[in-house]
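Below, each chain spelled out in residue letters.
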Amino acid sequence: RMKKIQLIFFISFTYLKIGKLSLIPVDCTFENDLCNWSSSGAWKRESGDTLNINDAIGPETDHIGDPYGFFMMVDAGDLESEGSQAILTNVIQNHTDDSENQDFGCLVFFFLIEDGESINHLSIQTVDMTGQTENIWMLEEPGVQGWDFGQVSVTIASFLQIRFIVERGPRSLGFAAVDQLTTYLLPFSCPVMPPEADPAAMSTSGTGKNSGESMHSAVLWDQKKRILS
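Description of the structure in this document. (Residues numbered from 1 in each chain as written. Predicted model: local features only at pLDDT ≥ 70, side-chain atom pairs only at ≥ 80, totals over all residues. Heavy atoms only, no water.)

Description of the state of the cysteines
Point 1. Across all of its chains, the model carries two disulfides by this definition.
Point 2. Each sulfur in the disulfide pair C28 and C35 lies 2.1 Å from the other. What sets the handedness of the C28 and C35 disulfide is the S-S torsion sign, and at about 75 degrees it is right-handed.
Point 3. Note that C106 is cross-linked by a disulfide to C190, the S-S spacing being 2.3 Å. Because the torsion about its S-S bond is 105 degrees, the bridge between C106 and C190 counts as right-handed. In this pair, C106 sits in strand β6 (residues 104–114) while C190 sits in the loop between β11 (175–186) and α3 (199–203), placing the two residues 84 residues apart along the sequence. Both residues of the pair, C106 and C190, count as buried.
Point 4. Along the protein chain, the cysteines that take part in disulfide bonds pair up as 1-2, 3-4, counted in sequence order. (Disulfide = S-S within 2.5 Å. Helix = DSSP H or I, 4+ residues; strand = E, 2+ residues; numbered from the N terminus. Buried < 20%, exposed > 50% of the residue type's maximum accessible area, 1.4 Å probe, protein only.)

So this is what it looks like as structure tokens:
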């Protein structure tokens, strides 16, 4: 896939200078199955072709424009009522690192949200071995129509659960989807993309981050979108 090759090239060019780039087991294109992910609620593995045959709503293609390519999606109509959630989960276990440096996983993915009134938000949550949860990425209103690129840093430990959560809004005619979930192991954290999906920035209404950091994130986001276009 051309976009996957471009994405890996960009991350490799940026991070191999540090001397460390490896994958951890959360990676999936959903072409053959759910890989290590498990679904609860309304998450389903679909393709634009099967949705069209069944006259069902959803993305017409996967993130590279292939109508036969698979992805994971939630139809808001499959959730019982406003506030109901569907959760897509992966568990990282027994990850060890021989170095003394703290490792971070840069989770990169593609997402699509159709009709913000049907989907309250698409979010990413981590759960550690003690059961403590942390919301690390959340988007309520999509910035673009169609598939878009997302990224967030996760701290890698011996046990970590990663959840993609879709929460239904007041309407039922809409959906959210994700595709090509990949995590790169790095010695430093990566910025949240798009920047408006950063829960810390949302909670402070733009006052928590200094303008230099926000501008830096915006420049990185613009560079990645140019490479993936």
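Picking up where we left off.
Observations concerning the pattern of salt bridges
Point 1. Tallying each qualifying case throughout the model produces two salt bridges.
Point 2. The salt bridge partner of K44 is D78, with a shortest N-O separation of 3.4 Å. Remark: D78 occurs in the loop between β4 (70–75) and β5 (85–93) and K44 occurs in strand β3 (residues 44–47); sequence separation between them is 34 residues.
Point 3. Residue K44 is classed as partly exposed on the basis of its relative accessible area, which comes to 40%.
Point 4. Its relative accessible area of 40% is what places D78 among the partly exposed residues.
Point 5. For R171, the salt bridge identified is with E117, shortest N-O distance 3.8 Å. In this pair, R171 sits in the loop between β10 (159–168) and β11 while E117 sits in the loop between β6 and β7 (119–127), placing the two residues 54 residues apart along the sequence. (Salt bridge = Lys/Arg side-chain N within 4 Å of Asp/Glu carboxyl O.)

Here's the deal with the side chain of Q161
Point 1. When you line up the elements, Q161 lands in strand β10.
Point 2. Owing to a relative accessible area of 16%, Q161 belongs among the buried residues under this scheme.
Point 3. Within the structure, the side chain of Q161 is placed 2.5 Å from the side chain of R163, a separation counted as a polar contact.
Point 4. Not counting chain neighbours up to four residues away, the residues in contact with Q161 comprise T89, N90, V91, Q125, T126 and V127. (Polar contact = N/O pair within 3.5 Å; in protein donor to acceptor, adjacent residues only side chain to side chain. Contact = heavy atoms within 4.5 Å.)

A closer look at the nonpolar core
The tendency in soluble globular proteins is for nonpolar side chains to be buried as a group.
Point 1. Ranked by internal contacts, the top residues of the largest apolar core, which has 36 residues, are W43, L88, I124, W137, F164 and V178.
Point 2. Put simply, the parts of the chain that give this core at least two residues each are β4, β5, β6, β7, β8 (133–139), β9 (148–155), β10 and β11. (Core = buried A, V, L, I, M, F, W, Y, C linked by side-chain atoms within 4.5 Å.)

Coordinates in, geometry out; function isn't part of it.
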